[in-house]
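If you want the building blocks of each chain, they are given just below.
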Amino acid sequence: MSSKEGSIEAKVLKVLKDCLLFDLWSGKHGITDDTDAKHDAKCLRGCCKSLSRGLQVVNHTFYGSDFRRILLALGHSEKDVATMLDPEDEQNVPAMLLFFKALAKLAGVSVETLSDAGLGIIATLVLKTKELQLLGTVAQAYVFLLTGFDKSISEHLTSLAEMQAIIFVLQRRSGTKFLPNQNYTNTSSMIRAKFKSVALAQAEGITEYYIFQDCDDALEGFFGVLRTLSGNQRNFDLLQVEEKATHAMQIAEVFDRHPEWDRGSRRLSGSLDHWNTKSWTGCTDTSKVNVLQAWMSGLARARARLVSTDLFTPSELDFAALAASGKDISMLKPNGARIGAQLPARP
């Protein structure tokens, strides 16, 4: 992030530069890449559902068949498990959220609870339980983000920083056996963008920030209105977009003023898709947020969780040493180079 002293970009940089391993790269005028958290969560769910790819957490790979037994051991019904692991439905937000709420229980799961899940002998089961507890913590962070309508900005940022640090360590250990490179990069970009949004709001003097709006829902909603205006047609061409865009924007403006009038999608409910500025009760005042503190608190929570497993060496969890290693390591470059789709070279 290059900037002139006193500019908005410089103010944002001042806030973020001391956040260990925070990637400061941005485009012209501070433009930052971002993704939608729900799509990132769907991709992680897709890895968990797979019967062939699986998801490696530290030393063991868990497949869809394993997660089926795990979810049943946690007390979920066959019907709910079938919904959570449905291989044909990748876009079902309620099913995704149901799955992550179930996975979140793994954060505190015991060996005894998983003993009937058929995960191996007791010695192996002890290790797998620790690994699944880490995955449960990641799931908790997604559930917190997607349902925490009563939480403050600071609480959300701290939770996201904790998730970022955990997946960073897991990605460094297992590489693409944990998450596909693009999925990791998208998730890290989503988290980074939210921290930058708050820092930018503070620099601009904007005192209100709704974390659930920091996604592509508005764009998806806009296209939804366009399709509604198209009647019984399945799609539309560019000429029809041009003809209907003004009316769609007028409708979107009305819904912004009266969010209670927007009934939303029947499939997108029970998560952030369902919230609006009137139903959101968490603190949205950016002046009450210490961005650096939220980031460092999240890293500290993650490190404590990772240390408790005894699965990692001290050097793997020394974030300060990694940041000072001179290898250009950051959350977006877990091994010193960008992974996934490549961004343009630095100007």
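Shown above is the structure to which this text applies.
Residues numbered from 1 in each chain as written. Predicted model: local features only at pLDDT ≥ 70, side-chain atom pairs only at ≥ 80, totals over all residues. Heavy atoms only, no water.

Participant: Help me get a handle on helix α2 (residues 37-49), residues and values and all.
Facilitator: Taking 1.5 Å per residue, 13 residues should reach 18 Å; α2 reaches 18 Å between its end C-alpha atoms and fits that length. Of all 13 residues in α2, ten are buried; the element is thus mostly enclosed. For α2, the complete set of buried residues consists of Ala37, Lys38, Asp40, Ala41, Lys42, Leu44, Arg45, Cys47, Cys48 and Lys49. The N-terminus of α2 is capped by Asp36, whose side-chain oxygen sits 2.8 Å from the backbone nitrogen of Lys38. (Helix = DSSP H or I, 4+ residues; strand = E, 2+ residues; numbered from the N terminus. Expected span 1.5 Å × (residues − 1). Buried < 20%, exposed > 50% of the residue type's maximum accessible area, 1.4 Å probe, protein only. Polar contact = N/O pair within 3.5 Å; in protein donor to acceptor, adjacent residues only side chain to side chain.)

Participant: I'd like to hear about the pattern of salt bridges, residue by residue, with values.
Facilitator: Applying the stated criterion across every chain, the model contains eleven salt bridges. A salt bridge links Lys17 to Asp18; the nearest nitrogen and oxygen atoms lie 3.4 Å apart. Judged by relative accessible area, Asp18 falls into the partly exposed class, the value being 43%. Among the salt bridges present, the one from Asp23 reaches Arg338, with a minimum N-O distance of 3.4 Å. Residue Asp23 is found in the loop between α1 (8-16) and α2, and its partner Arg338 is found in the segment after α13 (319-323); the two are separated by 315 residues along the sequence. It is possible to trace a salt-bridge network through shared partners that takes in Asp23, Asp33, Arg192 and Arg338. (Salt bridge = Lys/Arg side-chain N within 4 Å of Asp/Glu carboxyl O.)

Participant: Describe unusual backbone geometry, and please don't skip the residues or the numbers.
Facilitator: Phi is positive for Leu21, which is not a glycine, with a value near 65 degrees. Along the polypeptide, Leu21 turns up in the loop between α1 and α2. Notably, Asp310 is not glycine yet its phi reads approximately 60 degrees, a positive angle. Mapping Asp310 onto the fold places it in the loop between α12 (291-309) and α13. Under the relative-accessibility criterion, Asp310 is labelled exposed at 64%.

Participant: Requested: an account of the side chain of Gln164, with residues and values cited.
Facilitator: As for its position among the elements, Gln164 is in helix α8 (residues 153-174). Apart from residues no more than four positions distant in its own chain, Gln164 is found in contact with Tyr184, Ser188, Ile191, Trp295 and Met331. (Contact = heavy atoms within 4.5 Å.)

Participant: Can you tell me about the side chain of Thr185, naming the residues and giving the values?
Facilitator: When you line up the elements, Thr185 lands in helix α9 (residues 181-204). A relative accessible area of 10% means that Thr185 is categorised as buried. A distance of 2.7 Å separates the side chain of Thr185 from the backbone oxygen of Ile339, its partner in a polar contact. Ignoring anything within four residues of it in the chain, the contact list for Thr185 reads Leu332, Ile339 and Gly340.

Participant: Give me the nonpolar core: which residues, what numbers.
Facilitator: Among the nonpolar cores identified, the biggest contains 86 residues, and Ile70, Phe100 and Phe195 are the most heavily contacted of them. In contact with Phe195, other than residues within four places in its own chain, are Leu16, Phe22, Leu157, Leu160, Ala161, Val291, Ala294 and Trp295. Judged by nonpolar contacts, the second largest core, of five residues, contains Phe222, Leu226, Phe236 and Ala248. (Core = buried A, V, L, I, M, F, W, Y, C linked by side-chain atoms within 4.5 Å.)

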